[in-house]
Amino acid sequence: MQLERILHSQGFGSRKLCRALVRSGRISVSGQPIDDPFSDFATTGLVFGVDGETWQFRDQAYLLLNKPAGYECSRQPQFHPSVFALFPDAIANRGVQCVGRLDQDTTGLLLLSDDGQFIHTWSSGKKRIPKVYDAVVRHPVSDQLTAALLSGVQLHDEPAPIAAASCEQTGERSLRLTITEGKYHQVKRMIAAAGNRVDALHRSRVGGLALPDALAPGQWRWLEDADLAQLAGSDFD
Ligand code: URA
């Protein structure tokens, strides 16, 4: 693929802009400066530099963010900055979207991608993908609360009660629950319907993939093949 097209595909701007980037001497491939925008390279395993920063060619982007509180999962945020502000421009500009949404005050594991099929599969409730949340609640957790969440609570606009796939008390005012749908404000609404209130919410796992301990709030990383295999692991453990 021509270098100009490669840079364009990786989010570095219009073809014209990428051509100018190459001509101005800011691009290297495998460590060698290249100033011809039409030079051809095999994209598999390609490593290139932009202003000295190293990038690996990725056909599609699969990303994991430890979402901090106070960020919206939208490109047109209303009241808080967008999660896309936490990524380099080239990633934000290559059509990456959130895989499902977390509320602005929810923290933890957020997947993003520019692969439409992946986004659909992992955000749709049809596949019944387990998502694990840790909630801090306003009032002490009671056995009735966990029992109600496990047996099913009725949410407004839902035809039938919705039950957590698992639910355990983790502290006086905290619990961990797993849900397999992806309904709007689902955890907060379920806990409210069971008579308590969420004060803080954190997602620690999606499918077989847990939020890595080493990833601080606001940090992100690429998902490699091994991570994607773990995400899709059939036993989700
Ligand atoms: N459930 C919620 O209520 N909020 C989230 O952000 C995610 C799940």
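Quick caveat, the model's predicted, so the values are computed rather than measured. (Residues numbered from 1 in each chain as written. Predicted model: local features only at pLDDT ≥ 70, side-chain atom pairs only at ≥ 80, totals over all residues. Heavy atoms only, no water.)

Moving on to the pairing of strand β4 (residues 53-56). The pairing of strand β3 (residues 47-50) with β4 spans four bridges and is classified as antiparallel. Bridging across to β4, Phe 48 finds its partner in Trp 55. In sequence, β3 turns back onto β4 through a hairpin of two residues, with Asp 51 there showing a positive phi of about 50 degrees. (Pairing = 2+ DSSP bridges. Helix = DSSP H or I, 4+ residues; strand = E, 2+ residues; numbered from the N terminus.)

So, on to the sheet that holds strand β2 (residues 32-33). Strand order in the open sheet made by the four strands is β2-β1-β3-β4, with antiparallel pairing throughout. Whereas interior strands pair on both sides, the edge strands pair on one side only; in this sheet they are β2 and β4.

In this section: the site of the ligand. The environment of the ligand is formed by Leu 102, Asp 103, Thr 106, Tyr 133, His 185, Gln 186, Val 187, Lys 188 and Leu 201. Backbone polar atom of Gln 186 to a nitrogen atom of the ligand: 3.5 Å apart, as the coordinates give it. A per-element tally of the shell around the ligand places helix α6 (residues 186-193) first, with three residues. Split by residue class, the shell around the ligand holds four nonpolar, three polar and two charged. Split by domain, the residues of the shell around the ligand number at least three in each of domain 2 (62-125 + 208-232) and domain 3 (130-206). (Near = heavy atom within 4 Å. Polar contact = N/O pair within 3.5 Å; in protein donor to acceptor, adjacent residues only side chain to side chain. Nonpolar A, V, L, I, M, F, W, Y, C, P; charged D, E, K, R; others polar. Domains from an automatic or database assignment.)

Attention now moves to the domain arrangement of the protein chain. Along its sequence, the protein chain is organised into domain 1 (3-56), domain 2 (62-125 + 208-232) and domain 3 (130-206). Relative to domain 2, the C-alpha centre of domain 1 lies at a distance of 26 Å. Roughly 440 Å² of surface becomes buried between domain 1 and domain 2 when both sides are summed, with 59% attributable to carbon and sulfur atoms. The largest contributions to the domain 1 side of the interface with domain 2 come from Gln 10, Gly 11 and Trp 55, which together make up 78% of the buried area. (Buried area = accessible area lost by both parts, 1.4 Å probe.)

As a further point, take the pairing of strand β10 (residues 174-179). A regular strand places its side chains on the two faces of the sheet in alternate fashion. Most of β10 is tucked away: five of the six residues are buried. Sheet analysis places strand β8 (residues 131-137) next to β10, joined by six bridges and oriented antiparallel. Opposite Tyr 133, over in β10, you have Leu 177 as the bridge partner. Summarising the sheet, strand β9 (residues 166-171) and β10 pair through five bridges and their orientation is antiparallel. Each bridged residue has a counterpart across the sheet, and for Gln 169 the counterpart in β10 is Leu 175. Taking the residues that link successive antiparallel strands as the turn, the β9-β10 hairpin has two residues. (Buried < 20%, exposed > 50% of the residue type's maximum accessible area, 1.4 Å probe, protein only.)

Now for helix α5 (residues 143-151). Within the sequence span of α5, burial applies to Leu 145, Thr 146 and Leu 149. Across the axial projection of α5, the buried residues extend over an arc of 90 degrees, all falling on one side. Of the exposed residues in α5, those oriented more than 90 degrees away from the buried face are Asp 143, Gln 144 and Ser 151. Looking at the buried residues of α5, the elements they touch are β9, β10 and α6. A positive backbone phi angle near 120 degrees is found at Gly 152, which sits one or two residues after α5. (Arc of directions from axis to C-beta. Contact = heavy atoms within 4.5 Å.)

Moving on, we get to the pattern of salt bridges. Applying the stated criterion across every chain, the model contains 13 salt bridges. Residue Arg 19 pairs with Glu 4 through a salt bridge whose shortest N-O separation is 2.7 Å. A residue pair is termed long-range when its members are at least 10 positions apart, and Arg 19 in helix α2 (residues 15-23) and Glu 4 in helix α1 (residues 3-9) qualify at 15 residues. Exposure remark for Arg 19: the relative accessible area of 26% places this residue in the partly exposed category. Owing to a relative accessible area of 0%, Glu 4 belongs among the buried residues under this scheme. With a closest N to O distance of 3.1 Å, Arg 58 and Glu 224 form a salt bridge. (Salt bridge = Lys/Arg side-chain N within 4 Å of Asp/Glu carboxyl O.)

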